[in-house]
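Next come the chains, spelled out residue by residue.
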Amino acid sequence: MNNMKANKDYDVIVVGGGHAGIEASLACARMGHPTLLITQKIEQIGYMSCNPAIGGLAKGHLVKEIDALGGEMARATDETGIQFKQLNMTRGPAVRSSRAQVDRHAYRLRMKRIVEEQANLFIKQATVEEIIVEGNKVTGIRTDGNETILTKTLILAPGTFLNGLVHVGLDHFPSGRMGDPPSIGLSESLKKLGFRMGRLKTGTTPRLDGNTIDFSDLIPQYGDEPPIPFSFSTERIEIEQVPCTITYTNLDTHEIIKSGLDRSPLYCGIIKGIGPRYCPSIEDKVVRFADKKRHQIFLEPDGKDTNEIYPNGVSTSLPLDIQMRMLRSIQGLEKVEIIRPGYAIEYDFVDPTELKPSLETKKIEGLFHAGQINGTSGYEEAAAQGLIAGINASLYIRGKEPMVLKRSDAYIGVLIDDLVTKGTSEPYRMFTSRAEYRLHLREDNADLRLREIGYQAGLVKKDDYRIFLEKRSAIEKTLLRISESKITPTRKNNDILHRWGCTPLKKETSLLELLKRPEIHFGHLFEFHPDLKTLKKEVSEQVEIQVKYDGYIKRQMELIERFKKLEEVNFPEDFDFHSIIGLTTEVSEKLIKIRPISLGQASRISGITPAALSILMINLKKQKYL
């Protein structure tokens, strides 16, 4: 383990050892900056507080993008994953996503080892009580041991620990998560600095003893064979894969849940924080969807060397006796024992409109926020923010412009733009529907979109970059080859096409044009060009997607170019929105609060009309900024 530097003076301090803190601290250290990671429990670095899974719909896109930029999450998943699944494979490539069950214990140990072995990265176990600011610039932190540590930049990634309060039934107690103390001083320090703060709520399921579950009549769910890795650098998954299992709640379950609502903190008004709309508790599901006779539950193994089971779908804060009765009313769980109860947790967050698109705060120079402190929910959203905060903290130290991914660049760009432009009043979760350019922002091309950026930042290794260049070159050469390779309308060729259910050729046609036909896939081209068999699957798949969706992709790229003009019209940092004549009071107030960096960002603020945008553009021209 890296020990503290003797002089206790760092380029970067990262607070929090969760998914955001890991990516942030690794990025800063790998970019050459002495970095201190402060966490309350070193043994909990990389711990998965909720379900033992990475990815899912849209979240898989984020993990692929993190990997393309040189982050760590995808590699860790590939090394510890026990079931890999490609989701939405019957639909178009834009909405296909990767998901993996991981071994919770192995994932944590793997992340802890990577952090400990990273050059330039130092670790300290402590609780941060105060942010030290001189003027409007962060200069250090003070710990619970009354130790002052100086820094040039500070990244806050405290997860749910800010003034955390755990609820089980009517019992509640301060906690960052079950068994860990909350961070109260840091929350108070942020309030004293004048940040707008709110209160959110999330929850988790009870953990079950697998030895007390009867799996005999339940439905096993197997992963893909062979499993497809997350990381562009992983050639194959070596770990033995294991199945999950499906069961369901029933009407008896729902009646038991309803009988406990009078002791539910959610329904007694004890919990004030707003919970996640798209991941409700089981009691919330039963009340809100009263017409549904059952709800699906995935019994997910916590790992290969444990009998602990995570019942995905029954997040709850009901009293323990109701949790037990509820679970034992479900098929397969009639004799189940609870290892750890489910619970809800309330925590503080900072209004993300307090941030610049770089994730640096507007109030305090050199202070960055990442993860649940910004109102997001999920490991993947946190890790993505951590990586960007780490990159931009490093660029800040060097006096360089921040790296800001646009909405047309990445799902990460959509995530951050949504947060800093619109804010959030509930835990924010990524969906493919949030991305207007999702046909361009696919999982499969994340490396083609972002690998170059990651390499230029110094986070993508030379070997990985070389492999990427070879892949990109192979795609370009293959597209050229199949566009130049022609087949003629001979009887033999038309017989082949007839066998595949295709209309016959009437004129000489390129293999590229042939591949555009819905019945034809890349493997069919081997019949006419056997040399194509030697291509790697990742190359042939990318070529097929680009060819089949060429028209749609071109139209989307034209849209991107059109909107890019707005994104490139920037406001100067000291632009006086208050003095602009012709804007309504509502529009002025929103512009002053958000302080958009460009006309593009201004256009996405709720209530900013086309007329208001025209007034802004006229004023920029008058003041000779355009």
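Cut-offs and rules
Residues numbered from 1 in each chain as written. Predicted model: local features only at pLDDT ≥ 70, side-chain atom pairs only at ≥ 80, totals over all residues. Heavy atoms only, no water. Helix = DSSP H or I, 4+ residues; strand = E, 2+ residues; numbered from the N terminus. Rg over C-alpha atoms; globule rule 2.2 N^0.38 Å. Buried < 20%, exposed > 50% of the residue type's maximum accessible area, 1.4 Å probe, protein only. Contact = heavy atoms within 4.5 Å. Areas by Shrake-Rupley, 256 points an atom, 1.4 Å probe, with all protein chains shown as cover. 1 Å grid on protein atoms, 1.4 Å probe; cavity = no way out; pocket = protein on both sides within 12 Å on 5 of 7 lines; lining within 4 Å. Points joined across faces, edges and corners; volume = space filled by probe spheres on them. Nonpolar A, V, L, I, M, F, W, Y, C, P; charged D, E, K, R; others polar. Pairing = 2+ DSSP bridges. Axes fitted to C-alpha atoms, helices over the stretch in contact; angles between N-to-C directions.

1. What to know about the overall build of the protein
A count of helices and strands for the protein gives 19 helices and 22 strands. Against the globule reference of 25 Å for 626 residues, the protein gives a C-alpha radius of gyration of 26 Å, in line with a compact fold. In terms of overall dimensions, the protein has a C-alpha envelope of 80 × 75 × 55 Å along the principal axes. Counting only residues that meet the buried cut, the protein has 57% of its 626 residues in that class. The long-range share in the protein, meaning contacts at least 24 apart out of those at least 6 apart in sequence, stands at 73%. For the protein, the accessible area works out to roughly 27,100 Å², and carbon and sulfur atoms hold 50% of it.

2. Here's the deal with the layout of surface pockets
The method is simple in principle: a probe with the dimensions of a water molecule rolls over the atoms, and the space it marks as empty is what remains. There is about 1,300 Å³ of room inside the second largest pocket. Forming the walls of the second largest pocket are 38 residues, and the residues nearest its centre are Lys64, Ile228, Lys537, Glu538 and Glu541. Of all the secondary structure elements, the ones that give two or more residues to the lining of the second largest pocket are helix 11 (446-457), helix 12 (462-484) and helix 15 (537-548). When residues in the lining of the second largest pocket are grouped by element, the largest group, seven residues, is from helix 15. When its residues are assigned to classes, the lining of the second largest pocket shows 13 nonpolar, seven polar and 18 charged.

3. A look at the sheet that holds strand 13 (residues 207-209)
Across the sheet, six strands lie side by side as 14-15-16-17-13-18; this open sheet has antiparallel pairing. The outermost strands of the open sheet, each flanked by one partner alone, are strand 14 (219-221) and strand 18 (338-340). On average, adjacent strands in this sheet sit at an angle of 35° to one another, irrespective of strand direction. Note that strand 13 and strand 18 share two bridges and pair antiparallel. Opposite arginine 207, over in strand 18, you have arginine 340 as the bridge partner.

4. Details of the pairing of strand 5 (residues 97-102)
Within strand 5, five of the six residues are buried, leaving the element largely enclosed by the surrounding structure. Pairing geometry for strand 3 (residues 53-55) and strand 5, over three bridges, is antiparallel. Residue glycine 55 lies in a different strand from strand 5, and its bridge partner there is arginine 99. With six bridges connecting them, strand 4 (residues 81-87) and strand 5 associate as antiparallel partners. For leucine 87, the partnering residue across the bridge sits in strand 5 and is serine 97.

These figures capture arrangement, not role.
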